[in-house]
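Listed below, chain by chain, are the residues.
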Amino acid sequence: MKNEKSDIWADMVEKIVDEEKHDETGNQEDATGLNELASLIKNNRGTIKMLHRHSESKAWQTLQPSLRKDTNILYLFMKYAAIIVVTFITGMYINNYYSAKETDGQFSQIDVPVGQMSSITLPDGTKVNLNSGSSLRYPAVFDKNKREVHFSGEAYFLVTENSKQPFLVHLDDYSIKVTGTEFNVQSYSHLPVQTVLVEGKVSILDKQGEELAKLNPSQMIQYSIEEKKYRLFNVDTEFYTLWKEGKLYVRNETFEEIAQKLERWYNVEIKYTDESIKNKRLTGTILKYKPFDQIIKILTLKETLEYEIKIRADKPDLVIISQKS
Amino acid sequence: MLSSSINKFEKFYKQHYKLSLLVAFRFVRDEAIAEDIVQDVFISLWQKRDSLDFTGKLKPYLLKSVKNHCINYISTQKENISLEIIPEKESTAEETSFETEEKIARLSQAIEKLPPKCKEIFLLVSIEGLKYQEAAGKLGISKNTVKTQMGIAFKLLRNIF
């Protein structure tokens, strides 16, 4: 009989294996199974412990609300903004019910407030995922020769195929003409306008309807309003479109650029006690399911900064970033 | 119609949640990020549900998607971590093996199925790392009981292989 003074892991396994060996019904296979089990646990104890903190039932409960909605409206941060505002000028096109009178020049507009995201389906089945601060104007009934919408902000379009009725997205500076395709367009003022093609074909038209460029999948066109020039790039499309899955990839961007994005999503105003903070560069992923204060905490922690949030009644909250003393 | 799809999805989700979490954790090494990525992947799957089949080959697709999300996440962190840790972007048909993760997931499920007292003891000793005496003291039972229960646990658990 072994001395049972110590109860450490190896001892215990050895004991059980020993017992198995001496057991009439035990065999070599069983001993191997036990050793394998013991070593699996020993080598992955931390991971097993971590896993034990999670429960699929609880995780399912957290997930469920995101699934039950018919359109996948993602509420980023309840506290900051109202529900999506959709202004119908006239028309009840949603139920595909309208009289001849209502189809005459009737438009709908969807404005996504800062700090929200939304997605809608247009009358032709085209799906549009709209990012924070975006605006889309579309008719109750599309023109028979073309489907036209007006847009500003950032959105991901999944356009239904119809070469006889090309889909046109009018931005402030240019228009995008598509036939069945997937693309992402970012057109906020003060930023170069960019369109990324995921799948299909698009033509970029200038304001006079002349073709500026044709895009192939994985290409991006970037238009600089000041220089009045456009450039074509090959890009990793997922990088530009993952925002609709609630993430933003940030690549070597200045703190100021990131702050501007945060200001848009979370409807806050960010100020700095020290101008040099603006120019700090960061790379990372911002996960948008997190509340604002968690995000700003991570960002400032990385860069040895401090932050202070001042809640303001009728204005966006003020966030002050300063150097860690 | 929605209720039956969501039921199927729920079943699929619960069946593969922990495995997905393990796979994500293997790449990102951060519990919270792994959790977020897994939720994102499942939401994404749900949105694509009309073009997917929830039986058959969905599991490898799921794990691949988790891996891809992780790689994307990691590649934006590359300024902060050493390059060796970044997995190669998958361009070939070569499938990553998640054998260890599968085993741990099975183990975890098997632990959940242990009789309550046995499970409690097993977790204290194997996972928390308490010695027999310490576990016995904490639960107000004898050291022998702990030892016996550990033996039972082991015998029940080794069937996962």
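Everything numeric here is computed off the predicted structure, so don't read it as measured data. (Residues numbered from 1 in each chain as written. Chains lettered and ligands numbered in written order. Predicted model: local features only at pLDDT ≥ 70, side-chain atom pairs only at ≥ 80, totals over all residues. Heavy atoms only, no water.)

Things to note about the overall build of chain A
Consideration 1: Within chain A, the secondary structure is distributed over 7 helices and 17 strands.
Consideration 2: A fraction of 48% describes how many contacts in chain A between residues 6 or more apart in sequence connect residues 24 or more apart.
Consideration 3: Counting every atom, chain A has about 17000 Å² of accessible surface; 49% of that belongs to carbon and sulfur. (Helix = DSSP H or I, 4+ residues; strand = E, 2+ residues; numbered from the N terminus. Contact = heavy atoms within 4.5 Å. Areas by Shrake-Rupley, 256 points an atom, 1.4 Å probe, with all protein chains shown as cover.)

Thoughts on the packing of aromatic side chains
Consideration 1: For the structure on display, the rule yields 13 aromatic pairs over all chains.
Consideration 2: Ring geometry for Phe12(B) versus Phe42(B): centroids 6.2 Å apart, planes at 65 degrees, classification edge-to-face. Pair noted here: Phe12(B) is in helix 1 (residues 2–28) and Phe42(B) is in helix 2 (residues 31–47), with a separation of 30 residues, a long-range link. Considered together, Phe12(B) and Phe42(B) belong to a single accessibility category, that of buried residues.
Consideration 3: With 6.4 Å between their ring centres and 85 degrees between their planes, Phe27(B) and Phe98(B) make a pair best called edge-to-face. With Phe27(B) in helix 1 and Phe98(B) in the loop between helix 3 (58–75) and helix 4 (99–112), the pair connects residues that are 71 residues apart, well separated along the chain. As far as the burial class goes, Phe27(B) and Phe98(B) line up, both buried.
Consideration 4: The rings of Trp60(A), Phe9(B), Phe12(B), Tyr13(B), Tyr17(B), Phe42(B) and Trp46(B) are connected pair by pair, giving a single aromatic cluster.
Consideration 5: Above the face of the Phe107(A) ring, Arg137(A) is positioned so that its terminal group lies 4.3 Å from the ring centre. (Phe/Tyr/Trp six-rings, centres within 6.5 Å; stacked < 30°, edge-to-face > 60°. Buried < 20%, exposed > 50% of the residue type's maximum accessible area, 1.4 Å probe, protein only. Lys NZ or Arg CZ within 6 Å of the ring centre and 35° of its normal.)

Let's talk about unusual backbone geometry
Residues and elements named next belong to chain A.
Consideration 1: Positive phi outside glycine occurs at Ser218, with the angle close to 70 degrees.
Consideration 2: Of note, Ser218 is situated in the loop between strand 10 (211–215) and strand 11 (219–224).
Consideration 3: Note on Ser218: relative accessible area 30%, which makes it partly exposed.

Let's talk about the packing of helix 5 (residues 116–127) of chain B against helix 6 (residues 132–139) of chain B
Residue and element names in this part refer to chain B.
Consideration 1: Across the interface, helix 5 lies against helix 6 with an axial gap of 9 Å and an inter-helix angle of 135 degrees. Accordingly, the angle class assigned to the pair helix 5 and helix 6 is oblique. The way helix 5 lies across helix 6 gives a crossing that is right-handed. Between helix 5 and helix 6, the residues in contact are Glu120, Ile121, Leu124 and Val125 and Tyr132, Ala135, Lys138 and Leu139, respectively.
Consideration 2: Residues of the contact of helix 5 with helix 6, tallied by class, amount to 6 nonpolar, no polar and 2 charged. (Axes fitted to C-alpha atoms, helices over the stretch in contact; angles between N-to-C directions. Parallel < 35°, antiparallel > 145°, perpendicular 65-115°, else oblique. Left-handed = near helix turned anticlockwise from the far one by under 90°. Nonpolar A, V, L, I, M, F, W, Y, C, P; charged D, E, K, R; others polar.)

Some thoughts on the confidence of the model for chain A
A low pLDDT score tells you not to read the predicted coordinates there in detail.
Residue and element names in this part refer to chain A.
Consideration 1: In the predicted model, chain A carries a mean pLDDT of 72, and the fraction of residues at 70 or more is 68%.
Consideration 2: When pLDDT is averaged over each element of chain A, strand 14 (residues 268–272) comes out on top at 92 and strand 1 (residues 85–88) at the bottom at 26.
Consideration 3: The low-confidence segment residues 1–7, where pLDDT is below 50, has 10 contacts with residues more than four positions distant or belonging to other chains.
Consideration 4: Counting contacts from residues 70–104, a segment whose pLDDT is below 50, to residues more than four positions away or on other chains yields 69 contacts. (pLDDT = per-residue confidence, 0-100.)

Considerations on the side chain of Lys278(A)
All names here are of chain A.
Consideration 1: Tracing the backbone through its elements, the reader meets Lys278 in the loop between strand 14 and strand 15 (281–287).
Consideration 2: What makes Lys278 buried here is its relative accessible area of 19%.
Consideration 3: If we skip the residues at most four places from it in the chain, Lys278 touches Thr254, Phe255, Glu256 and Tyr272.

Regarding the sheet that holds strand 14 of chain A
All names here are of chain A.
Consideration 1: The 3 strands are arranged 14-17-16 in an open sheet whose pairing can be described as mixed. Each of the sheet's edge strands pairs with one partner strand only, and the pair in question is strand 14 and strand 16 (305–310). Recorded for the sheet is a direction-independent mean angle of 25 degrees between the axes of neighbouring strands.
Consideration 2: Both strand 16 and strand 17 (residues 317–323) contribute to a ladder of 6 bridges, which runs antiparallel. When the bridges of strand 17 are listed, Ile309 appears paired with Val319. (Pairing = 2+ DSSP bridges.)

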